[in-house]
Amino acid sequence: MIQDSQQQAYDRAITIFSPDGRLYQVEYAREAVKRGTASVGVTTDEGVVLGAYKRVPTELMEAENVEKIFQIDEHIGAASAGHVTDARKLIDILRREAQVNRASYQEPIGVETVVRRLCDEMQKYTQQGGVRPFGVSVIVGGIEDGEPRVFETDPSGSFYEWRATAIGENSAEIKERFEQDYEDDLSLGEGVTLAYDAVKESNDDITPEAFEVAFIEKETEEFRNLSADEVREYVE
Amino acid sequence: MIQDSQQQAYDRAITIFSPDGRLYQVEYAREAVKRGTASVGVTTDEGVVLGAYKRVPTELMEAENVEKIFQIDEHIGAASAGHVTDARKLIDILRREAQVNRASYQEPIGVETVVRRLCDEMQKYTQQGGVRPFGVSVIVGGIEDGEPRVFETDPSGSFYEWRATAIGENSAEIKERFEQDYEDDLSLGEGVTLAYDAVKESNDDITPEAFEVAFIEKETEEFRNLSADEVREYVE
Amino acid sequence: MIQDSQQQAYDRAITIFSPDGRLYQVEYAREAVKRGTASVGVTTDEGVVLGAYKRVPTELMEAENVEKIFQIDEHIGAASAGHVTDARKLIDILRREAQVNRASYQEPIGVETVVRRLCDEMQKYTQQGGVRPFGVSVIVGGIEDGEPRVFETDPSGSFYEWRATAIGENSAEIKERFEQDYEDDLSLGEGVTLAYDAVKESNDDITPEAFEVAFIEKETEEFRNLSADEVREYVE
Amino acid sequence: MIQDSQQQAYDRAITIFSPDGRLYQVEYAREAVKRGTASVGVTTDEGVVLGAYKRVPTELMEAENVEKIFQIDEHIGAASAGHVTDARKLIDILRREAQVNRASYQEPIGVETVVRRLCDEMQKYTQQGGVRPFGVSVIVGGIEDGEPRVFETDPSGSFYEWRATAIGENSAEIKERFEQDYEDDLSLGEGVTLAYDAVKESNDDITPEAFEVAFIEKETEEFRNLSADEVREYVE
Amino acid sequence: MIQDSQQQAYDRAITIFSPDGRLYQVEYAREAVKRGTASVGVTTDEGVVLGAYKRVPTELMEAENVEKIFQIDEHIGAASAGHVTDARKLIDILRREAQVNRASYQEPIGVETVVRRLCDEMQKYTQQGGVRPFGVSVIVGGIEDGEPRVFETDPSGSFYEWRATAIGENSAEIKERFEQDYEDDLSLGEGVTLAYDAVKESNDDITPEAFEVAFIEKETEEFRNLSADEVREYVE
Amino acid sequence: MIQDSQQQAYDRAITIFSPDGRLYQVEYAREAVKRGTASVGVTTDEGVVLGAYKRVPTELMEAENVEKIFQIDEHIGAASAGHVTDARKLIDILRREAQVNRASYQEPIGVETVVRRLCDEMQKYTQQGGVRPFGVSVIVGGIEDGEPRVFETDPSGSFYEWRATAIGENSAEIKERFEQDYEDDLSLGEGVTLAYDAVKESNDDITPEAFEVAFIEKETEEFRNLSADEVREYVE
Amino acid sequence: MIQDSQQQAYDRAITIFSPDGRLYQVEYAREAVKRGTASVGVTTDEGVVLGAYKRVPTELMEAENVEKIFQIDEHIGAASAGHVTDARKLIDILRREAQVNRASYQEPIGVETVVRRLCDEMQKYTQQGGVRPFGVSVIVGGIEDGEPRVFETDPSGSFYEWRATAIGENSAEIKERFEQDYEDDLSLGEGVTLAYDAVKESNDDITPEAFEVAFIEKETEEFRNLSADEVREYVE
């Protein structure tokens, strides 16, 4: 957390530069992301694995409706960390964009195109007055030209492409784990296991039931949610 | 209640992030919700029970017009806690949405669709300048595909699906009670009793007359208000 | 009057939440209402009595033009307390609404419909920037489906239905008096007397001349102002 | 003059409520009115007398162009105190309103209608951001249904009907004098004399030349300015 | 110059009232006028004399382009003091107004009409947010119905008609001089001399070359600039 | 540089008056002009000389693209000091204006017309909220009716015509030098030399290469840039 | 980094002048540029070399998608330093501009035209309220009239043409190195080596893989990215 007396002047109004060239509202929005449970994205030989840790405080809550993973198009999905309401607003834009693309060009939208559209939207909220930045990071994954691709975006509107990445709580530790253990020729099951283990390392109380997984298969180019049983099978 | 000197900078203007990534105006709006008397939603085998504690200070006030429970469509209702004027504004939007749905698709709107529309509206008021967030939480309940569903929303625009949940004053205690006593195969009467007892535990002066109940029946998919007599019969 | 150092941060700009979930500008507007002389509404067996204490400082002022009671439609009236200029703005909207209703549906508007429209308008001024809340409370009374109804509204846009209620200066004391003395089968004259006596108790210098009364009769469903003589006759 | 440390928070931005329910910007605008020389309105048996004290510092100034009394329509006039530039803006609106009325309904506009239109305009400037209230009070006088009527308005948009009233500097003293000496069956000359004497009492250096008088005659229903000679004749 | 600690609260944002009913931004704009060199207007038997003291610091500056006197229409001129750039903006509006009048009514615009239009424009900038008042006073002079007329306006939008008046630096002293020496039947030459002498008294270093004079002749109703030679001839 | 504690209140928001009638934002913009290297304009018998000192820190920078002198039309040019990006925005407007003039009237625009248009634009940015004044002064020079004319403008939108003038760093010293040495019948070469020497006196490290010169010839009425060689020839 | 107590007043709202004529928000934006890794542009005999240091923290990140070098048109490219999201927004505008130029004039857009369009856009964000300046500098390079040209722009909207220049972290040191070692007749390979060595001097941990290079060839006038192998070959 960022905190000293000098910054107080920069957090009142619109997003403006501090004397050392930082945009505090954007950095604070990143803190909001860190307060959310982790989500991960892993490219494998068989396709893209998106995983999200959903902390469910009680049995009375219907876990399947805690949204952290979203389908954007047949071949593209996203996993968020941070303010899920902000994520939904962005996902709605991307879904419409994907539909428009199919209608206009009779072909699926590219993964990178979706990411750029997402980041343009987020950038606007860091430069204009009267709004706050989005308090959410989004991992976008999908198949493009037959290849699995995973992108990480953040509240500033930056994006980076990764083979395996994480956002939200303890994302730095999860990424470190990925760096040690990631291999290029992972199977779907190995990808899910890597994702689960990396998140579990820093959130010891996670269970397979609390780990939502979606998979976009390279061959079929189709997004599907793994059932809790499938997840448990892989990670145990 | 949240309170320390550092937060003072964040409560003046539009809803912006604090250094630790929180949106204080949204959190303050949640405090406004906690100041309102409790409302609950319980799914039962026979349908959805919505209950609301209406504190009526004097006999001269016509209790039936203290609005906390609203019908949105034939098969969907809502119970609010917090600023009822804010709730009315939201309910009006949802009713129109439900009508439009029937007119456009010749079929009733889905419960989850209503909830998403509600939360989109609430999110807007947390990101744009010149407005404050809604000071209200809303439980939306109804029948969808023959199944009873209950959702809890809050001023940030988040929503969660529950088997039984509570909002407003002492909602944490009421939820705890639900966790202990909720069972999957409740009858309507048992649902009403569970709801009433849970609220009564933390609001000892409640009477059946001050507990408004609406029921959306699984079979008929119809919303109806229970009379004070019916409520009394169940809870005694 | 509300007053402590902590609240200072919340009264500068638009209507926003304080850390404990209150909207100070709305509470201050309620103070503006308390600064105005009292108005009352009483349902009787014969119809609705609206009463307003009009403090007339000098004989040179033409008392009948001190507006506190307004006719909205043939069968609906209103009594205000607080900023009368704010009241007039609201009443103009309601009158137009009533006319439109007659033109569109060939039938008189419902009392509760008028109240909801009034409160929607007031709510808007508590949530948007660049305006202040209305500094006025309004009692709306009228005949609906053959029954007398009286509603009390306040600057937040809340409303409650009452058998007898009061707004403005000393309204709490007047309401207490109503609780003790109100009976269900009042005649018009008894209603006027109850209203007058309750106001007089806390405003000792009131005279029948300074107490404006309007009556909406159950049978004819017509609003009419009582002459000063009629009022004097009833209360003496 | 109103002045204490607590109010400082309320005078910076738009017109908002103070904790005790006051609108300071409106009260300050009233102070602006008190800084202007007095104007008066008196109803007599023969019609309405409007009078205005015009302090003319030097012979080189053409006194007849110091505007404080305005003709609005053939049968309606107005006298202002405070910011004359603000008054002119309001008077322009009223003149147009009067013309439109004649064009639309082929009949002269009512005095009270003019007053309500004036006050609606003034109210707007007390509730919306980005503007200040009008710094002027206006006495509107005219003949309606054969009867002389005089209204006093103020920056809040309030209005009261009077038999004789005053605005501006020392208006309280002038009103007291009216209370003592006003009689119902005044002739035009007695009305002018009463007006002049009341103003003179608190502004000893006034002369008949510095006292502009307009008269709206009951019989002809016509506004006309009295010449300086006529005024002198009456008051001496 | 106005200056005390209390006023600090009133000079930050839009033009608002101080507790004693003053509009500081307007008063500060008047200070801006006082910082400009003086301009004068004098009615004579032969027409209107407009004079302006133009301080030219160096021979390299082309004095004739230091604008302080403007022609508005054939028969109307103006002399300004204060921010000349603000003056130009106003003069442009008035010239257009005068042209429109000729086009619409086939007759020259009245002097007073021009003055009212000017003051309406200036008033707007004292009541709306997001702008500052005009930092200029303007003397408007011309022939109307065969008579010379001179008006003085100020940043508040007030206007007064004068036989002889002054604005800008030392205007109070110049006016005093006018009061002593002005006579009703001045010739053009006497008018110019009076104007020059009055300004010279408080600006000892003035020379005829630095005193621009325009004359609007009663007979021809035409505006023309006097040459430096003509001015020198008159004043010596 | 202007600097004392009292002015702090005036630099926060839009351009408003200080108690002594100054517009600090405009004065600060003038400081921005003084921070830029000097530009000069000199009228000669053969035409207008515009000169600009371009400090080029390194050989790697292509000096000819450091813009300080701009061609506006065939017969008009401009030299700026201060924020060159602000200058470009203004020059673009003037070029368009000049083209429109040629298209509409089939004749070249007048130099003074260009200057007035420039100053109108600059004035707007000193009176409206939400923008800052232009941080640039511009010397406009050209041939009008066969005569060379040179105008100096500043961020307030004021303009003055000069025979020889300077803006930017050390402009006061350069002007003093002009006052001593300027003569009416300069040749082009003498004009360039005077300009160069005056700038050099206060910027000792200037070289002919760093002194850009443009010339608008009286006879041909054409703007052209002098080559570095031509400049060197003249000044040595 | 700029830092002292006096500047605190200037960083709150829109971009305004400080008393010494500086625009702090623009200077802070320049600090944001300095926080970004360096980019360079070098003109050679064979064309323009654009280079960018891309710090890639881990093998898992796909380096080729870290955007710092952009193609604008066939013959024009750009390298950025600072907020890459801000850069993307600007690049999008320039690409569209280039396409429009080809469509309208059937010829490629000029390099300088692109630079001017870029700077106009950036200037706007330094003068209007409600937005912050762009936090990015952009080097634009390309072939125009057969010659390689390189421009450096900054957040103020200024631009300069260079033979070799650098932006971002340590740009001053890199420029110094260019001044020492740049020669006019560099081959492509020498240009790449010079660029790499200059950046490496102040960022010792750079590797050829982390140095993205694009080349716009003089002969073909075509932009192409050099492969990592090509870069390594040149610099080793």
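Residues numbered from 1 in each chain as written. Chains lettered and ligands numbered in written order. Predicted model: local features only at pLDDT ≥ 70, side-chain atom pairs only at ≥ 80, totals over all residues. Heavy atoms only, no water.

Engineer: Please clarify how the pairing of strand β1 (residues 39-43) of chain A should be interpreted in this entry.
Structural biologist: All names here are of chain A. Where burial is concerned, most of β1 is hidden: five out of the five residues are buried. A two-sided burial pattern is seen for β1, the buried positions comprising Ser39, Gly41 and Thr43 on one face and Val40 and Val42 on the other. Taken together, the five bridges between β1 and strand β2 (residues 47-53) define a ladder with antiparallel strand orientation. Note that in β2 the partner of Gly41 across the bridge is Leu50. The hairpin turn running from β1 into β2, its antiparallel successor, is three residues long. (Buried < 20%, exposed > 50% of the residue type's maximum accessible area, 1.4 Å probe, protein only. Helix = DSSP H or I, 4+ residues; strand = E, 2+ residues; numbered from the N terminus. Pairing = 2+ DSSP bridges.)

Engineer: Help me out: how do you make sense of unusual backbone geometry in this one?
Structural biologist: Peptide bonds are trans in most cases, and residues, glycine excluded, mostly fall at negative phi. You will see that Asn170(F), though not glycine, has its phi angle at about 60 degrees, which is positive. The residue Asn170(F) is located in the loop between β9 (164-167) and α4 (171-181) in this model. In this structure Asn170(F) comes out as partly exposed when scored by relative accessible area, which is 24%. One non-glycine residue with positive phi stands out, namely Gln106(G), at about 55 degrees. Topologically, Gln106(G) is positioned in the loop between α2 (84-105) and α3 (111-127).

Engineer: What exactly am I supposed to notice about the relation of the copies chain C and chain D here?
Structural biologist: Overlaying chain C on chain D yields an RMSD of 0.0 Å, the required transformation being a rotation through 51 degrees with an accompanying axial translation of 0.1 Å. Comparing interface residues between copies, only 3% of those in chain C also sit at the interface in chain D, which points to a heterologous contact through distinct surfaces. (Least-squares fit on C-alpha atoms with pLDDT ≥ 70 in both. Contact = heavy atoms within 4.5 Å.)

Engineer: So what exactly am I meant to see when it comes to the interface of chain A and chain B here?
Structural biologist: Interface extent is often summarised as the accessible area lost during association of the parts. Counting residues at the interface gives 34 residues for chain A and 37 residues for chain B. Of the roughly 3,200 Å² buried at the junction of chain A and chain B (both faces included), carbon and sulfur atoms supply 52%. Across the contact surface, chain A and chain B share two salt bridges. A salt bridge links Glu67(A) to Arg116(B); the shortest N-O distance between them is 2.7 Å. The tally of links between chain A and chain B comes to 13 residue pairs in polar contact (both at pLDDT 80 or more). Elements that contribute at least two residues to the side of chain A that touches chain B include exactly α1 (24-34), β3 (61-62) and α2 (84-105) of chain A. When β3(A) meets strand β8 (residues 159-162) of chain B, the two strands line up antiparallel, connected through two bridges. The residue bridging Met61(A) from the neighbouring strand is Trp162(B), located in β8(B). (Buried area = accessible area lost by both parts, 1.4 Å probe. Salt bridge = Lys/Arg side-chain N within 4 Å of Asp/Glu carboxyl O. Polar contact = N/O pair within 3.5 Å; in protein donor to acceptor, adjacent residues only side chain to side chain.)

Engineer: Even after reading the chapter, I still don't get the arrangement of the chains, so can you show me in this structure?
Structural biologist: As for chain F relative to chain C, no contact occurs, and the smallest C-alpha gap between them is 16 Å. One thing to see here is that chain C and chain G don't touch, and their nearest C-alpha atoms sit 16 Å from each other.

Engineer: Any chance you could explain the pattern of salt bridges here in plain terms?
Structural biologist: Considering all chains together, one arrives at 170 salt bridges over all chains under this definition. The salt bridge partner of Glu230(A) is Arg224(A), with a shortest N-O separation of 3.2 Å. On the basis of relative accessible area, Arg224(A) is assigned to the partly exposed category, the value being 36%. Of the charged contacts, one joins Asp229(C) and Arg232(C) as a salt bridge, the two residues approaching to 3.2 Å between their closest N and O atoms. With a gap of three residues between them, Asp229(C) and Arg232(C) both fall in helix α6 (residues 228-235), about one helical turn apart. When its relative accessible area of 26% is taken as the criterion, Arg232(C) is described as partly exposed. In this structure, a network of salt bridges that share partners links the residues Glu67(A), Glu112(B), Arg116(B), Glu144(B), Arg149(B) and Glu161(B).

What is shown is where atoms sit, not what they do.
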